[in-house]
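The residues making up each chain are set out below.
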Amino acid sequence: MALVKSTQKTFSKVLLAYSGGLDTSATVPWLKENYDCEVIAFVADVGQGEEELAGIEEKAIASGASKCIIADLRESFVKDYVYPTLRTGAIYEGTYLLGTSIARPVIAKAMVEAAVAESAEAICHGCTGKGNDQVRFESAVAALAPQLDIIAPWRIWEMQSREDLLNYLAERSIPTTASATKIYSRDANAWHISTEGGELENPWNEPSQQAWAWTVSPEEAPNAAETLSIEIDQGNIVSVNDQKGSPYELLVQLNEMAARHGVGRVDIVENRLVGMKSRGCYETPGGTLMMAAMRAIEELVLDKTSRDWRQKVGLEMAQVVYDGRWFTPLREALVASADALAKDLTGTAIIKLYKGQATVTQKASPNSLYSEDFATFGEDEVYDQSHAEGFIRLYSLPSRIRAMKKGGQ
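Residues numbered from 1 in each chain as written. Predicted model: local features only at pLDDT ≥ 70, side-chain atom pairs only at ≥ 80, totals over all residues. Heavy atoms only, no water.

Draft legend 1. Spotlight on the packing of helix α13 (residues 387–395) against helix α14 (residues 397–407). Between α13 and α14, the least distance of the axes is 4 Å, while the angle of their chain directions is 55°. As the angle between them shows, α13 and α14 are arranged oblique. Listed contacts from α14 to Arg393, Leu394 and Tyr395 of α13 are Leu397, Pro398 and Arg400. Across the contact of α13 with α14, the residue classes tally to four nonpolar, no polar and two charged. (Axes fitted to C-alpha atoms, helices over the stretch in contact; angles between N-to-C directions. Helix = DSSP H or I, 4+ residues; strand = E, 2+ residues; numbered from the N terminus. Parallel < 35°, antiparallel > 145°, perpendicular 65-115°, else oblique. Contact = heavy atoms within 4.5 Å. Nonpolar A, V, L, I, M, F, W, Y, C, P; charged D, E, K, R; others polar.)

Written out as structure tokens, the structure reads:
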């Protein structure tokens, strides 16, 4: 099938963001036919699992790629992208922990580096014209390597359905394990897995069990609660149950623990950057525990105005990450602000897991501002309650003056 547009640039080498799925399998021969170029497949391992990566290099070569680059980005993803976002407390529209959004900049950066190293003139992605990811990828490329061209097949080719893609591959005798029917669209990484499509396209439909990929149903979770400890050092998760590990290793461990208790499920209708709403079931089991632990230590350490500011930073950061503005001065400023507050975020949180809930039951920090001597409801010798009268009188002075003014009218 030809391009919709009658004019096009020519490239000798194109780097393709390759997943091994139906779309990108068809993209490899399509690029070669329409651009007469060499295609290099690029695969980002962000913790999506061995099953998705099994045999992917062979698939890419069988589709016509000259080579397949598999980049292990798991540790960098968690350490350099998840943790900074976690410290800001970014949550999109109240519930979404930005699982897909956070992974896009680490993938885009690695793609750009590979494209430059391979002397490719363009980067190709398989994002649709309806989604957020096209904006995220292309904005990142524009910020990191504006000299690279972008090819987005879904915006220009004539194929419109899975049947079209399957027929296209069949005509060229390119093998694929995909079928004409695909119930769900899923995206996974170490932080989360998203599920869209199928019955979820109708918000009135309750998600079936098939809509959840990682977590057990809370109703089927163990009847006995499980507790765990998370240790934080300057805003970084450093151990789980007193066992240290790398950021990625600790996340994997927490994912397993939370998933078996049905923790981390979110069913939302969100506002996409491109204007439409979409419904998805997102699972972020380990991330839910990390966020709870971080906020628990924050309660002890940050004073009122500092915590208010961190919350504002989190709201802005959520928009920045969701909208694909990672490689911007604003994102750097937001992370720098959160990091400044996180210098004192050191401590331990005990979390109880039970039937889909993760509840912080104990928390302690060497930098805690909480003082039992001051907060006690019992008798104390450190706080003269009569001092509150003067404070309240000054605090309420604007209201008092306003009332006096009205009384004089």
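What follows continues from the structure just given.
Draft legend 2. Layout of the sheet that holds strand β14 (residues 357–364). The strand order across the open sheet formed by five strands is β10-β9-β8-β13-β14, and the pairing between neighbours is antiparallel. Two strands close off the open sheet at either side, each with one partner strand: β10 (243–244) and β14. Both strand β8 (residues 226–233) and strand β9 (residues 236–240) contribute to a ladder of four bridges, which runs antiparallel. Along β9, the bridge assignment pairs Glu231 with Ser239. (Pairing = 2+ DSSP bridges.)

Draft legend 3. Spatial organisation of helix α10 (residues 304–322). Across its 19 residues, α10 extends 27 Å between first and last C-alpha, which sits within 8% of the 27 Å expected from 1.5 Å per residue. Looking at α10, one finds that the buried residues are Ser306, Arg310, Val313, Gly314, Met317, Ala318, Val320, Val321 and Tyr322. Taken down its axis, α10 places every buried residue within 165° of arc, on the same side. In α10, those exposed residues whose orientation departs by more than 90 degrees from the buried face are Lys304, Thr305, Lys312 and Leu315. Along its buried surface, α10 packs onto α4 (74–88), α5 (99–117), α6 (133–144), β11 (265–271), α9 (285–301) and α11 (329–342). Positive phi shows up at Gly324, right after α10, with a value of about 75°. (Expected span 1.5 Å × (residues − 1). Buried < 20%, exposed > 50% of the residue type's maximum accessible area, 1.4 Å probe, protein only. Arc of directions from axis to C-beta.)

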